[in-house]
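# Survey of secondary and tertiary structure
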Amino acid sequence: MAKRAGTGDLKSGNILVPTRACDDRSVVTPYFICGPTASGKSAIALEMAEKLDGEIVNADAFQLYRGLEIVSAAPSALELARCPHHLYGILDPTESTDAQLYVNLAEPVITEIQARGKTPIITGGSGLYLKFLTHGAAPLPTADAVLRAKMDSQTLEELVLQLIELDPVEASRTALQNRRFVSRALEICILSDQKASDLRDGWEAKTAAISSNLRGIVIQRTRPDLHSRIALRTKTMLDEGAMEEVAALVDVSTNCEKAIGFREIRALLKGEIDRPTCEELINAATRQYAKRQETWFRRETWLTPQVA
RNA sequence: GGCCCGAUAGCUCAGUCGGUAGAGCAGUGGAUUGAAAAUUCACGUGUCGGCGGUUCAAAUCCGUCUCGGGCCA
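Read on for a plain summary of the structure. Quantities reported herein were computed from a predicted structural model and do not represent experimental measurements. (Residues numbered from 1 in each chain as written. Chains lettered and ligands numbered in written order. Predicted model: local features only at pLDDT ≥ 70, side-chain atom pairs only at ≥ 80, totals over all residues. Heavy atoms only, no water.)

Here the focus is the overall build of chain A. Helix and strand counts for chain A come out as 13 helices and six strands. The principal-axis extents of the C-alpha atoms in chain A amount to approximately 55 × 50 × 35 Å. Burial statistics for chain A: of 308 residues in total, 49% are counted as buried. For chain A, restricting intrachain contacts to residue pairs at least 6 apart in sequence, the fraction spanning at least 24 positions comes to 75%. (Helix = DSSP H or I, 4+ residues; strand = E, 2+ residues; numbered from the N terminus. Buried < 20%, exposed > 50% of the residue type's maximum accessible area, 1.4 Å probe, protein only. Contact = heavy atoms within 4.5 Å.)

Here it is as structure tokens:
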């Protein structure tokens, strides 16, 4: 395992690449394949796996789930057979997950692949998960379900006032209209009994140098191309069992039920909407998601754009 | 053929007493460190169906034509 010097208490994001200092050639640098949904990451990942003698590691928040294969557009059995795949269908739909949990799952898998002398091909579109994996997590307390439930019952204004009182600096940096961001900042203050602004402060500087040692691509397509691929995929999903899949998912975590298509297909199953409406709702949600992903990956300048 | 209703942003529609128009959705751009397929911010010029007319001024009133939808023949 290569440990980067000078990253201090960074828990992760520093074990994946050889350090420049020792230039450890025995560690195989992972290869990242990113891009918006429906851009064709899986196909390229398979190609790369064959070219680089690699194994594929999932970086998609919803393909982690078992029983959500069709809706989450996970690799098919045929694709899975072409090379070793990791972290697909490993969570129960009743479970929740988060970025740190993902890293905890992914890091051992990646180092193990490296230990076998194979190339980890990390592919997926969950920007935050990838960011945690590549750049590590700030030393912050983990989410607390009880506290979150309590905060969910408060108005945004109440939360904002509390944050301003506990940590005015963090409040000034936070988008105060964004309930998620406000409650997370507040949660950090309450759980750690420290200021979120202090805890987050040094972190960004520490991660600044990491990008230069990462390698990977971000797949780019024109919007019309991407939109037509999305429409085709939605149609295929619905034609090939997405309704049965959702019907079978009775007990799901609130996390899991946020999968695009889940609510829409449930409404279709209940007869609240018709098939064309369902398809269009899924398409629109997917297009919007793809746009957000493009915005996210645009900032990951270490990724080499690859026009598909 | 006669009568009635409608025609306004890509879509669905609002628009008061005449003062040249604005919502939702879609779309575009941004943010983003433990819910992220989440959450959130910003962005609205369009022959107001066409042509005439009245008026200082027409999406708005009048006439007429076109296209929908309905009712009566």
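Text resumes after the structure shown.
Here the focus is the packing of helix H10 (residues 223–239) against helix H13 (residues 275–298). Close contact between H10 and H13 brings their axes to 9 Å; oriented N to C, the two are set at 135°. Taken as axis vectors, H10 and H13 run oblique relative to one another. Crossing hand, H10 versus H13: right-handed. The segment H10 lies against H13, with Arg-223, Leu-226, His-227, Ile-230, Ala-231, Arg-233, Thr-234, Lys-235, Leu-238 and Asp-239 engaging Arg-275, Cys-278, Glu-279, Ile-282, Asn-283, Thr-286, Arg-287, Ala-290, Lys-291, Glu-294 and Arg-298. (Axes fitted to C-alpha atoms, helices over the stretch in contact; angles between N-to-C directions. Parallel < 35°, antiparallel > 145°, perpendicular 65-115°, else oblique. Left-handed = near helix turned anticlockwise from the far one by under 90°.)

Around RNA strand B, 47 residues are found, and the nearest of them are Arg-180, Trp-203, Arg-292, Arg-298 and Arg-299. Backbone atoms, meaning sugar plus phosphate, form 59% of the atoms of RNA strand B positioned within 4 Å of the protein. The contact in question runs from a phosphate oxygen of RNA strand B to an N or O atom on the side chain of Arg-184, over 2.4 Å. At a separation of 3.2 Å, a base nitrogen of RNA strand B approaches a polar backbone atom of Ile-260. Within the residue set of the surface near RNA strand B, elements represented by two or more residues are helix H4 (127–135), helix H5 (145–152), helix H8 (179–192), helix H9 (196–207), H10 and H13. (Near = heavy atom within 4 Å. Polar contact = N/O pair within 3.5 Å; in protein donor to acceptor, adjacent residues only side chain to side chain.)

Of all hydrophobic cores here, the largest spans 41 residues; its most connected members are Phe-32, Tyr-102, Ile-122, Leu-133 and Ile-265. If you list the elements that add at least two residues to this core, you get strand E1 (31–34), helix H3 (99–115), H4, H10, helix H11 (242–248), helix H12 (262–269) and H13. Ranked by residue count, the leading element in this core is H3, at seven residues. Setting aside its immediate chain neighbours within four residues, Ile-122 contacts Pro-30, Tyr-31, Phe-32, Ile-33, Val-57, Ala-59, Tyr-102, Ile-110, Leu-130 and Leu-133. (Core = buried A, V, L, I, M, F, W, Y, C linked by side-chain atoms within 4.5 Å.)

If you check the backbone angles, Ala-38 has positive phi at about 70° while not being a glycine. Take Ala-38: it is sitting in the loop between E1 and helix H1 (41–52). Backbone geometry places Leu-87, a non-glycine residue, at a positive phi of 65°. Along the polypeptide, Leu-87 turns up in the loop between strand E3 (85–86) and H3. Its relative accessible area of 8% is what places Leu-87 among the buried residues.

On to the sheet that holds strand E4 (residues 119–123), then. Strand order in the open sheet formed by six strands is E3-E2-E4-E1-E5-E6, and the pairing between neighbours is parallel. If you trace the sheet from one side to the other, it starts and ends with E3 and strand E6 (304–307), each paired once. Of the pairings in the sheet, the one linking E1 to E4 comprises three bridges and is parallel in character. If you follow Phe-32 over to E4, its bridge partner there is Ile-122. Against the sheet, H4 makes contact with E1 and E4, and its axis sits at roughly 165° relative to E1, the strand it touches most. (Pairing = 2+ DSSP bridges.)

In this structure the tally under the stated criterion is three aromatic pairs. Taking the centre distance of 5.4 Å and the plane angle of 80° together, the rings of Phe-32 and Trp-302 count as edge-to-face. Of this pair, Phe-32 sits in strand E1 while Trp-302 is found in the loop between H13 and E6, placing the two residues 270 residues apart along the sequence. Residues Phe-32 and Trp-302 agree in their burial class; the two are buried. (Phe/Tyr/Trp six-rings, centres within 6.5 Å; stacked < 30°, edge-to-face > 60°.)

Let us look at the pairing of strand E5 (residues 216–220). Within E5, four of the five residues are buried, which leaves it mostly tucked inside the rest of the structure. By the bridge criterion, three bridges tie E1 to E5 in an arrangement that is parallel. Counted as the bridge partner of Ile-33 is Ile-217 from E5. Of the pairings in the sheet, the one linking E5 to E6 comprises four bridges and is parallel in character. From the neighbouring strand, Gln-220 faces E6, where its bridge partner is Val-307.

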